[in-house]
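# Close look at the chain arrangement
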Amino acid sequence: MSTAEITTGAATPPPAPGGNRPGGGPFGKGTPLRRITVAAAYLAVVLLAWQLYVTLADVPSYLLPDPLSVGDALWRLASSGELWPHLGYTVRNIAVGLGAGIVIGSLLGWVIASFRTVRLILAPYVVILQAAPKIALAPLLVLWFGLGLGSQLALIVMLAFFPMMIAMMLGLGEVTDDQRALGRVLNLGPARFFRLVQLPTALPALFAGARIAVIDAMTGAFLAEYISAQQGLGFLMVQGRSTYDTPQLIAAVVLTVVVGLTGFALVSLVERRALPWRR
Amino acid sequence: MTHHTHEDTAPPEAAATDHRRLLEIRGVSKEYVSVKGASVRALDDVNLDIGDGEIIAIIGPSGCGKSTLLRMVAGLDTDYEGTIEWTRAPRPGRDIGFVFQEPALLPWRTVARNVSLGIEVQKDRSDLPTDRVDQLLELVGLRDFAKSYPKELSGGMRQRVAIVRALAYDPRILLMDEPFGALDAITRDKLHDDILRIWAATRKTIVFVTHSVEEAAYLADRVVVMSPRPGRLRSVHQVPLDRNRDAATRQLPVFAEFAGMLRGELA
């Protein structure tokens, strides 16, 4: 029934077999071919407008380079091989920090949701910590954890754990009294009840949290690199800025967006696989 | 399973007296402290015997403690005075089947996997046939929906799944807390016949709570009428009908008379 819903209004004749999911992607409804075409056309229009503006208004390259020179900078970074260690470094940091943030956030959320005492002691401070601007805290983290990887990962984890913690708390709250009573009638112990009822109930919320956490982890990674690192996409930005190589700066920003979108898409993909019952 | 053969012709009185006792509720009272700090007596000196294979309906106005009583029997509420004594103590997770007012299905499990939940979590249920789930789904006409998710089902279908989920692990007693309260009249009637069919196939002891006197009269062997605040047993009535019931039963004068009498007791 879900396929019928989304193929309506699709002009392209051969409807994709099966693989079509409702609400897929940010580019609305339609067959994959149509969606890709629309997305590409949209991108082309934006790039063209950018190019036209730069050319017609005669904007100097150090203020805003045209798309072609950004592409050129991208190509230069990629073909010289300079890009890959930086990209790898950032992606690895995001992955590690996000992984740790997901584990820590989920655990913390579970503890806070499950134990009243912990909630009373911990919850206010966690929220206060989260309300504090991270940019202001970043230099402090550098003082605490040094200039290297430590402070960078700390910042990423600090940003990524929060949405996961909130998601777990909200998700566990979705368990109904009836489900709890059912668990008791079936004599499920706490561990089994968690595995069979609580965790699956919280899973949709956890995925929603993970989507936010991915983006937050990315922000954390760039912030950290911007402040202290000698490597990474954030470092490429700093380098581009300090050498007035604006095309490189923009190229690094474009790569950032690509990394972020990829992370977001990966979470959505896993979510679709993991929650077939929500389709 | 004592009277397989003469069940169809059993006179009404036989229903209660024939049954071996399954459990005995003696002097059960419950008091709780309300939000305002006042002490409220929810149940007062409730005494009731429940026989093996009996169907008992508990009716009464809202707040008379009938759901509380049911939860006590299920072991979900252990804070009370008095005793609930079983002839054989129920094994945890195995002898109580409970149906809630809402189906309370696990939405990430298919219909079949919802039904099999209670079997899965027990150690060894090789005593149950391997196609147990299919048989039960067949019994309530949902075999074609075994692989569907709960959200693809109507409210009545979901409640059917909830009922067979409670039966799947072959509990000794089936407890139902206003199981049909949220359904429309037509769906309700269908589920009543499902219950009768299930009883005919399994001879389970069934205790259910309801607001509907017709429901009580149509399904039960005995009807327990409760009075409100504090919840007491006002009376226990033998239903003057044999176990052979169908749509025509509702047209019988004796049915209407009995239901009317119950309604009078509730007023």
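Conventions adopted
- Counting of residues starts from 1 at the beginning of each chain's written sequence and follows it residue by residue.
- Think of it this way: whatever chain is written first is A, whatever ligand is written first is 1, and the rest follow in order.
- Local features in this predicted model are restricted to residues of pLDDT 70 or higher, and side-chain atom pairs are both shown and tallied only at a pLDDT of 80 or more, whereas totals for entire chains, interfaces and linings draw on every residue.
- Note that the side-chain values use all heavy atoms of the structure and ignore hydrogens as well as water.
- Put simply, DSSP marks the helices as runs of H or I at least four residues long and the strands as runs of E at least two long, and each gets a number from the N terminus on.
- Computation of the radius of gyration draws on C-alpha atoms alone. For the globule rule, the value is 2.2 Å times the number of residues to the power 0.38.
- Here, residues are in contact when the closest pair of their heavy atoms is within 4.5 Å.
- The protein chains shown are the only cover counted for residues, whose accessible areas, like all others here, come from Shrake-Rupley with a 1.4 Å probe.
- Note on charges: Lys and Arg go in the positive column, Asp and Glu in the negative column, and His and the chain ends are not counted at all.
- A single reference atom marks each charge: NZ on Lys, CZ on Arg, CG on Asp, CD on Glu.
- Categorising residues by exposure relies on relative accessible area from a 1.4 Å probe, with only protein chains included: less than 20% of the type maximum marks a residue as buried, more than 50% marks it as exposed, and the intermediate range marks it as partly exposed.
- To define axes, lines are fitted to C-alpha atoms, for helices over the stretch in contact only, and angles between the resulting N-to-C directions are given on a 0 to 180 degree scale.
- Comment on the angle field: the value is read as roughly parallel under 35 degrees, roughly antiparallel over 145, roughly perpendicular from 65 to 115, and oblique elsewhere.
- Throughout, a crossing is termed right-handed when the near helix is turned clockwise from the far one, and left-handed when it is turned anticlockwise from it by less than a right angle.
- UniProt positions are given in the numbering used here, feature names are shortened, and annotations may be inferred rather than shown by experiment.
- Where each domain starts and ends comes from a domain assignment, either automatic or drawn from a database.
- Two parts placed together each lose some accessible area under a 1.4 Å probe, and adding up what both lose gives the buried area.
- Every case where a carboxyl oxygen of Asp or Glu lies within 4 Å of a side-chain nitrogen of Lys or Arg is listed as a salt bridge.
- Any pair of N or O atoms that falls within 3.5 Å is considered a polar contact. Within protein, one atom must be able to donate a hydrogen and the other to accept it, and sequence-neighbouring residues count only if both atoms are side-chain atoms.
- The term nonpolar core refers to a set of buried residues drawn from Ala, Val, Leu, Ile, Met, Phe, Trp, Tyr and Cys, joined through side-chain atoms within 4.5 Å.
- Should DSSP find at least two bridges between two strands, the strands are taken to pair.

Bringing the overall build of chain B into the picture now. Per the secondary structure count, chain B includes nine helices and nine strands. Computed over its C-alpha atoms, the radius of gyration of chain B comes to 18 Å, within 12% of the 18 Å expected for a compact globule of 267 residues. The long-range share in chain B, meaning contacts at least 24 apart out of those at least 6 apart in sequence, stands at 72%. In the form shown here, chain B has an accessible surface area of approximately 11800 Å², with 50% of it arising from carbon and sulfur atoms. The average position of the 36 basic charges and that of the 39 acidic charges among the side chains of chain B differ by 4 Å.

Residue and element names in this part refer to chain A. Tracing the sequence through the fold places Gln-239 in helix H10 (residues 233-242). Under the relative-accessibility criterion, Gln-239 is labelled partly exposed at 24%. A sequence separation of 13 residues divides Gln-239 from Tyr-226, and the C-alpha atoms of the two residues are 9.6 Å apart. Ignoring anything within four residues of it in the chain, the contact list for Gln-239 reads Glu-82 and Gln-248.

Residue and element names in this part refer to chain A. Interaxial distance between helix H6 (residues 134-145) and helix H7 (residues 149-173) falls to 8 Å at its minimum, and their mutual angle equals 140 degrees. Classified by the angle their axes make, H6 and H7 are oblique. Helix-helix and strand crossings are classified by hand; for H6 and H7 the assignment is right-handed. Across the interface between the two elements, Lys-134, Leu-137, Ala-138, Leu-141, Val-142 and Phe-145 from H6 touch Gly-150, Ser-151, Ala-154, Leu-155, Met-158 and Leu-159 from H7.

The positions that UniProt labels "domain: ABC transmembrane type-1" (unreviewed entry) are, in the present scheme, residues 87-267 of chain A. Helix makes up 88% of residues 87-267 of chain A and strand 0%. Its end C-alpha atoms lie 20 Å apart.

Residues and elements named next belong to chain B. Here chain B is partitioned into domain 1 (18-90 + 175-183 + 205-267) and domain 2 (93-171). Once you take the C-alpha centre of each, domain 1 and domain 2 turn out to be 25 Å apart. A buried area of about 1100 Å², summed over both sides, lies between domain 1 and domain 2, and 67% of it is on carbon and sulfur atoms. Across the domain 1-domain 2 interface, the total number found is zero salt bridges. For the pair domain 1 and domain 2, the interface holds five residue pairs in polar contact (both at pLDDT 80 or more).

What follows covers the UniProt feature "transmembrane region" (unreviewed entry) in chain A. All names here are of chain A. As annotated in UniProt, the feature "transmembrane region" (unreviewed entry) corresponds to residues 36-56, 94-113, 125-147, 153-172, 193-214 and 249-270 in the numbering used here. As a span, residues 94-113 carries 100% helix and 0% strand, and end to end its C-alpha atoms are 27 Å apart. As annotated, residues 153-172 comprises 100% helix and 0% strand, and the C-alpha atoms at either end are separated by 28 Å.

It is worth spelling out the nonpolar core at this point. Nonpolar side chains in soluble globular proteins tend to be buried together. Ranked by internal contacts, the top residues of the largest apolar core, which has 124 residues, are Leu-23, Ile-25, Ile-163, Leu-175, Met-176 and Val-223 of chain B. Per-element accounting of this core gives the leading share, 13 residues, to helix H9 (residues 190-227) of chain A. In this structure, this core is formed jointly by two domains, domain 1 (18-90 + 175-183 + 205-267) and domain 2 (93-171) of chain B, each of which donates at least three residues. Leaving out residues up to four positions away in the same chain, Val-223 of chain B has contacts with Ala-57, Ile-59, Ala-216, Ser-235, Val-236, His-237, Val-239, Phe-258 and Leu-262 of chain B.

Our focus in this paragraph is the sheet that holds strand E7 (residues 205-210) of chain B. Remark on secondary structure: sheet strands pair via backbone hydrogen bonds, oriented parallel or antiparallel. Residue and element names in this part refer to chain B. Read across the sheet, six strands follow the order E5-E6-E7-E3-E8-E9 without closing on themselves; strand pairing throughout is mixed. Looking along the sheet, the strands with just one partner apiece sit at the ends: strand E5 (96-99) and strand E9 (232-238). The sheet shows a mean angle of 15 degrees between the axes of neighbouring strands, taken without regard to direction. Of the strand pairs in this sheet, strand E8 (residues 222-227) and E9 are connected by six bridges, and their pairing is antiparallel.

Think of interface size as the accessible area that goes away when the parts come together; that is how it is often given. Taken residue by residue, the interface counts 19 residues in chain A and 24 residues in chain B. With both sides pooled, the region where chain A packs onto chain B buries about 1900 Å², and carbon together with sulfur makes up 67% of that total. Three residues stand out in chain A for area buried against chain B, namely Val-185, Leu-186 and Trp-277 of chain A, and they jointly supply 34% of the buried area on that side. The interface formed by chain A and chain B includes zero salt bridges. The tally of links from chain A across to chain B stands at four residue pairs in polar contact (both at pLDDT 80 or more). Every element with two or more residues in the side of chain A that touches chain B is listed here: helix H8 (177-185) and H9 of chain A.

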